[in-house]
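# Architecture at a glance
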Amino acid sequence: MVKEPTDNSRSLEVIQESESLIEFPPASSPVPSYEQIVTASNQNELVMPRVFAIAAYSKGFACSAGPGRVLLFEKIEERDSYRESREIRIPVDPQSNDPSQSDKQDILCMCFSPSEETLVASTSKNQIYSITMSLTEISKGEPAHFEYLMYPLHSASITGLSTCIRKPLIATCSLDRSVRIWNYESNTLELFKEYQEEAYTVSLHPSGHYIVVGFADKLRLMNLLIDDIRSFKEYSVRGCRECSFSNGGHLFAAVNGNVIHIFTTTSLENITNLKGHTGKIRSIVWNPDDSKLISGGTDGAVYEWNLSSGKRETECVLKSCSYNCVTISPDSRIIFAVGSDQTLKEIADSSVLREMSAFDVIYTAIVISHSGRMMFVGTSVGTIRAMKYPLPLQKEFNEYQAHAGPITKMLLTFDDQYLLTAAEDGCLFTWKVFDKDGRGIKREREVGFAEEVLVTKTDMEEKAQIMLELKTRVEELKMENEYQLRLKDMNYNERIKELTDKFIQEMESLKTKNQVLRTEKEKQDISHRERIEDLLDKQNRELQDLESCNNQKLLLEYEKYQELQLKSQRMQEEYEKQLRDNDETKSQALEELTEFYEAKLQEKTTLLEEAQEDVRQQLREFEETKKQIEEDEDREIQDIKTKYEKKLRDEKESNLRLKGETGIMRKKFSSLQKEIEERTNDIETLKGEQVKLQGVIKSLEKDIQSLKREIQERDETIQDKEKRIYDLKKKNQELEKFKFVLDYKIKELKKQIEPRENEIKVMKEQIQEMEAELERFHKQNTQLELNITELWQKLRATDQEMRKERQKERDLEAVVKWFKTDLHNCVAYIQEPPLLKEKVRGLFEKYVQRADRVEIAGLDTDLQQEYARQREHLERNLATIKKKVLKESELHRTDYVRIMQENVSLIKEINELRRELKFTRSQVYDLECALKLSQKIRPQEVKETVPSKDLPSIRPTMRLKEQEETERIIEMQRLEIRRLRDQIQEQEQVPGFHTVAGIRLPSIPDSDSELTNK
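Since the structure is predicted, the reported quantities are computational estimates derived from the model, not experimental observations.

## Some thoughts on the overall build of the protein
Check the secondary structure of the protein and you find nine helices and 37 strands. Contacts in the protein between residues far apart in sequence, at least 24 positions, make up 48% of those at least 6 positions apart. Summed over its atoms, the accessible surface of the protein is roughly 72700 Å², and 53% of this surface lies on carbon and sulfur atoms.

As structure tokens, then:
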């Protein structure tokens, strides 16, 4: 089972079953592709840039505007339009051979993140760029630049893929003329380099330190440095399409057409050339022990080559098939090959054992796991098929959609945890390999990846030089910073003093104010308290008065309420009586009104009929008058028409004349408007220049003020430095006097050191004699050790023989016990002779052989006695040798004690001399430091005033040489003493030789550690 590293693997089956949301145009579609648009634009040479992608966000939208360029447009709130706010460009890639080509990429797709913080764009060269939108807002005024989303990708078909054992690295090469080194654990691009020629194949050494790359013109062997891929050997192998390192890394094979060249990685020479293919070789693979090489080509041949003889061992030729890839099983028995005939073949012993159909798909790559349980196949459609191994009889495999083009290369890492695939679409996929239960495959052995990298000596020297320069620069900056900090400290101290004085004065003034305010506050508190008491008294009085008034008012209101209730009852009774009377009067009035209005209706109907007759007569009269009026109006219209036609002719003539005048006026007006616009533009430019010049004048005034301040500060510093120089001159004179005194002391100390050096020489001779004695003692001890080891071996042999004899004795005792028990059982049948006879025969058959062994054991008793005599003789010899060793050890102890006492005295004297030397060295160092300081301050004055002091400058060098010689002598003596101590400790470990109790050599103090402590 194989799963993709992303979460898309879970929804893969759902996507395959569901319908596609995007409909791609067919081959004969009228929708133009990207290449058609580019060719059409090149032919027509359009001036305006083409927009290939557009993406909207909350403020507006982003669109691609020509190669390597994106424009951001923001919406204007006042009116429904957009204005250009920012320009984003693809930066120039400095690592490529042609950096100008990077900003000539067309942006094909863009997308904003949900939070609109980042914009991602993909280009025509398969690159993905991103930019944070906050950067575009910050860097206003200058065009912003994209950055790679992760790292630069291949822009063309990947032709080579390789991995190694000791590092988690992947090497790829492509037709985009680049070689890239990836890390499949961290998913990062480690190294990247572009070349002038196309790279066809690549192979990583198992160690991961160098690679072989096949270019169009040569085959190059290159080192993988820490930050570069550098070639160190070139071979004249043109158009190498396949190359591969052996599993052990001691050989590599390179294909040139139909010939395989074998090279060694030790001497970098061509060992053999394997010839036999008639067509181009498409794939080569090494067997696990690197003894054989398998190759497959377009001629339909699969050969197995023996590298020791350089000849073919097995061959399988099928001319109807052009093989794309071959591999071999982990046990080196079966070869698997895939080709153009849409089958997977198992080949063994020069014959095809089995063919498995690919189901209407061409297999382009094949790989088998190192564990021998899985097989993966890549197809021309870009899918990957995972199969069991051994291969099943039926159609049993899992298929995964991966690439958009045919898969060119496929590999498994050495631990079978990752599957690597590359295709013509320029993509490299890393797949995590799982079993059926979803568990990752465990490594057979847990070995960490190597972290070593290659670095050339020149690079190291350059970096060391840069480090030194940077250190000196840092020291200079430290000095400058210290000087500036001191100046700032001086200024800040002065300011702090001023501020403290001001603060103290303000504190005193505030204290006085605070006291005044406190007194005022106390007075106000007293007055407030009195007012509050008065107000409380007034409030209590008013409350009592209000309560009494309110009680009286409530009583009066209650009485009024009762009176009103009585009145309302009376009123209700009166209104009820009135309502009854009104109902009666109402019915009578209605009857009277109906009679009155009926009479009126009859009168009105008569009047209406009369009015209708009058209207008819009036209509007749109106029609007659209308006819007369129409006739009069027609006459008047004709008269008016003639008048107005004359007026129209006159106005048309005047209109034509006015049109000519207006055209002339319009031209004059447009020319005047252009002049006005030009003048306004000139005025605006002059205003902008005026504003700029004013800003420049202000900045220059500020610079003048700051320079004046700096001049004042520098004048003050010059005065301080002149004072310092005067003080240092005085110090220099005193130090010169002190130097003369110290020179005299150094001469006296030299005179004291000379007798000590003579003593050291004598002590050296004594130490050499002691070394000779120690060597003699060591030889004697080694001889004694050899004797003791021989005796120990003899003792061990005797012990083994004793154990064997004791085991024999135990066996015989057991046999006797068994015989006694069997005899006791036979005695029970003493009254039955036939049974007794059978039992005795059984005893004879059972114990006759063991009885023979008892006889042989009886014969061996003489040997045991002889062995005992020899053992006693050896024990006596051992006792005498031990006595001799003890006597010699006592003699050695006396000599050893004497040597130890002499060593102790010598070491004490050496320590005293060393202390004196350190003390004199420290004095000399202090003097030299003082002299160097004085020389740095006034080198010219020292040359003019003291010309005769060249001799003391020579003396310290002589003195230093003598001191170095004394130090060398002391270090040699220290090493000799350490060696003697080691020899003494070895002798102490020898059995029978012990030092005098309680005597130990004093520790040698390390001069370097003492110097560092001081």
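Read on, since the account is not over.
## Section: the sheet that holds strand β21 (residues 259–264)
With antiparallel pairing, four strands are arranged side by side in an open sheet as β19-β20-β21-β22. Every other strand in the sheet has two partners, leaving β19 (243–245) and β22 (270–275) as the edge strands with one partner each. Adjacent strand axes in the sheet meet at a mean angle of 15°, parallel and antiparallel pairs treated alike. Bridge count between strand β20 (residues 251–256) and β21: six bridges; the pairing is antiparallel. Following the sheet pairing, F252 is matched in β21 by F263.

## Observations regarding the side chain of T159
Checked against the element boundaries, T159 lands in strand β11 (residues 158–163). Of the polar contacts made by the side chain of T159, one reaches the backbone oxygen of A199; its length is 2.9 Å. There is a polar contact of 3.1 Å between the side chain of T159 and the backbone oxygen of Y200. Excluding anything up to four places from it in sequence, T159 contacts C173, S174, L175, A199, Y200, T201 and K409.

## Details of the pattern of salt bridges
Opposite charge on two side chains makes pairing possible when the charged atoms of those side chains draw close. In this structure the tally under the stated criterion is 23 salt bridges. Note that R220 is salt-bridged to D217, the shortest N-O span being 3.8 Å. Here D217 falls in the partly exposed class, since its relative accessible area comes to 22%. Where D341 meets K345, a salt bridge forms, and the shortest distance between an N and an O atom there is 2.1 Å.

## Examining the nonpolar core
The biggest cluster of nonpolar side chains holds 18 residues, and the ones touching the most others in it are V70, I88, I107, M110, F112, L119 and F146. Of all the elements in the fold, those that place two or more residues in this core are β2 (54–57), β4 (69–76), β6 (107–112), β7 (118–123) and β8 (128–132). No other element matches β6, which puts three residues into this core. Residue contacts for F146: discarding those within four places in its chain leaves V70, I88, R89, I90, P91, I107, L119, A121, Y129, S130 and I131. Core analysis: the next-biggest nonpolar cluster, separate from the first, contains 17 residues, A171, L191, V213 and F215 among them.

## Focus on the packing of aromatic side chains
In this structure the tally under the stated criterion is 20 aromatic pairs. Here the aromatic rings of Y235 and F263 are separated by 4.4 Å at their centres, their planes lie at 40°, and the arrangement is tilted. Taken together, the residues span a long stretch of sequence, with Y235 in strand β18 (residues 229–235) and F263 in strand β21 at a distance of 28 residues. In this pair, the class of Y235 matches that of F263, namely buried. Measuring from centroid to centroid gives 5.7 Å for Y303 and W305, while their planes differ by 90°, and the two rings are edge-to-face. Looking at W305, the relative accessible area reads 2%, which means it is buried. Members of the aromatic cluster, joined through ring pairs, are Y210, F232, Y235, F245, F252 and F263. Across from the ring centre of F215, 4.8 Å away, lies the NZ or CZ of R220, which sits over that ring. Here the guanidinium or amino end of K432 rests over the ring plane of Y418, the centre of that ring lying 4.8 Å away.

## Here's the deal with the confidence of the model for the protein
Detailed reading of the predicted coordinates is not advisable wherever pLDDT falls low. Scored by pLDDT, the protein comes out at a mean of 80, with 86% of its residues at no less than 70. This model gives residues 937–957 a pLDDT under 50, and the stretch forms 13 contacts once residues within four places in sequence are excluded. With pLDDT under 50 throughout, residues 993–1014 is counted as low confidence; its partners more than four residues away or in other chains account for 36 contacts.

## Comments concerning a negative patch on the surface
Side chains of E494, E498, D501, E710, E713, D715, E716 and D720 sit close together on the surface and give a patch of like negative charge. Mapped onto the elements, E716 comes out in helix α4 (residues 457–827).

## Quick look at the pairing of strand β15 (residues 199–204)
With respect to burial, β15 is a largely interior element, six of its six residues being buried. As defined by bridge partners, β15 adjoins strand β16 (residues 210–215) across five bridges and the pair is classed as antiparallel. Bridge pairing in β16 places V202 opposite V213. Turn length for the β15-β16 hairpin, with the two strands adjacent in sequence and antiparallel, is five residues, and the turn residue G208 shows positive phi of about 80°.

## Overview of the sheet that holds strand β13 (residues 178–183)
Sheet architecture is open: four strands sit in the order β11-β12-β13-β14, paired in antiparallel fashion. A single partner strand is all that each edge strand has here, and the edge strands are β11 and β14 (188–194). Here the average twist between neighbouring strands, direction ignored, is 15°. Bridge count for strand β12 (residues 169–174) against β13 is five bridges, and the pairing is antiparallel. The residue bridging A171 from the neighbouring strand is I181, located in β13.

## Quick look at the pairing of β12
Burial analysis of β12 places six of its six residues in the buried class, which makes it a mostly covered element. Residues L169, A171 and C173 point to one face of β12 and I170, T172 and S174 to the other, with burial holding for every one of them. Counting the residues that bridge the hairpin from β11 to β12 gives five residues. Here β12 hands over to β13 after three residues, with R177 in that stretch at a positive phi of 65°.

## Here we look at the environment of T861
If you trace the backbone, T861 turns up in helix α6 (residues 861–937). Classification of T861 by relative accessible area gives partly exposed; the value is 35%. For the pair T861 and E805, spaced 56 residues apart in sequence, the C-alpha separation works out to 9.7 Å.

## Here's the deal with unusual backbone geometry
Cis geometry is found at the peptide bond from Y389 to P390, where omega equals 5°. Along the chain, the position of P390 falls in the loop between β33 (383–388) and β34 (398–401). For N126, which is not glycine, the phi torsion reads 60° and is therefore positive. Its place among the elements puts N126 in the loop between β7 and β8. Phi is positive for D416, which is not a glycine, with a value near 60°. Turning to its location among the elements, D416 is positioned in the loop between β35 (407–412) and β36 (418–423). Exposure remark for D416: the relative accessible area of 4% places this residue in the buried category.

## Points about the environment of W431
Mapped onto the secondary structure, W431 falls in strand β37 (residues 428–433). At 3.2 Å, the side chain of W431 and the side chain of T421 are in polar contact.

## Observations concerning the environment of F336
Structurally, F336 is set in strand β28 (residues 335–339). Each C-alpha atom, one on F336 and one on I368, is 9.0 Å from the other, the two residues being 32 residues apart in sequence. Not counting residues up to four positions away in its chain, the partners in contact with F336 are C325, V326, T327, S329, L344, K345, E346, I366, I368, M375, Y389 and L391.

## Some remarks on a nonpolar patch on the surface
A contiguous nonpolar patch, built from I226, V453, V455 and M460 and spanning about 340 Å² of accessible area, is present on the exposed surface. The exposure class of I226 is partly exposed, given its relative accessible area of 45%.

## Quick word on the side chain of R914
Tracing the backbone shows R914 in helix α6. Judged by its relative accessible area of 5%, R914 is buried. Side chain to side chain, R914 and N911 meet in a polar contact 2.9 Å long.

Cut-off values and rules
Residues numbered from 1 in each chain as written. Predicted model: local features only at pLDDT ≥ 70, side-chain atom pairs only at ≥ 80, totals over all residues. Heavy atoms only, no water. Helix = DSSP H or I, 4+ residues; strand = E, 2+ residues; numbered from the N terminus. Contact = heavy atoms within 4.5 Å. Areas by Shrake-Rupley, 256 points an atom, 1.4 Å probe, with all protein chains shown as cover. Pairing = 2+ DSSP bridges. Axes fitted to C-alpha atoms, helices over the stretch in contact; angles between N-to-C directions. Polar contact = N/O pair within 3.5 Å; in protein donor to acceptor, adjacent residues only side chain to side chain. Salt bridge = Lys/Arg side-chain N within 4 Å of Asp/Glu carboxyl O. Buried < 20%, exposed > 50% of the residue type's maximum accessible area, 1.4 Å probe, protein only. Core = buried A, V, L, I, M, F, W, Y, C linked by side-chain atoms within 4.5 Å. Phe/Tyr/Trp six-rings, centres within 6.5 Å; stacked < 30°, edge-to-face > 60°. Lys NZ or Arg CZ within 6 Å of the ring centre and 35° of its normal. pLDDT = per-residue confidence, 0-100. Patch = residues over 30% accessible without salt bridge, like charges linked within 9 Å, V, L, I, M, F, W, Y side chains within 5 Å. Lys, Arg positive; Asp, Glu negative; His and termini not counted. Charge placed at Lys NZ, Arg CZ, Asp CG, Glu CD.

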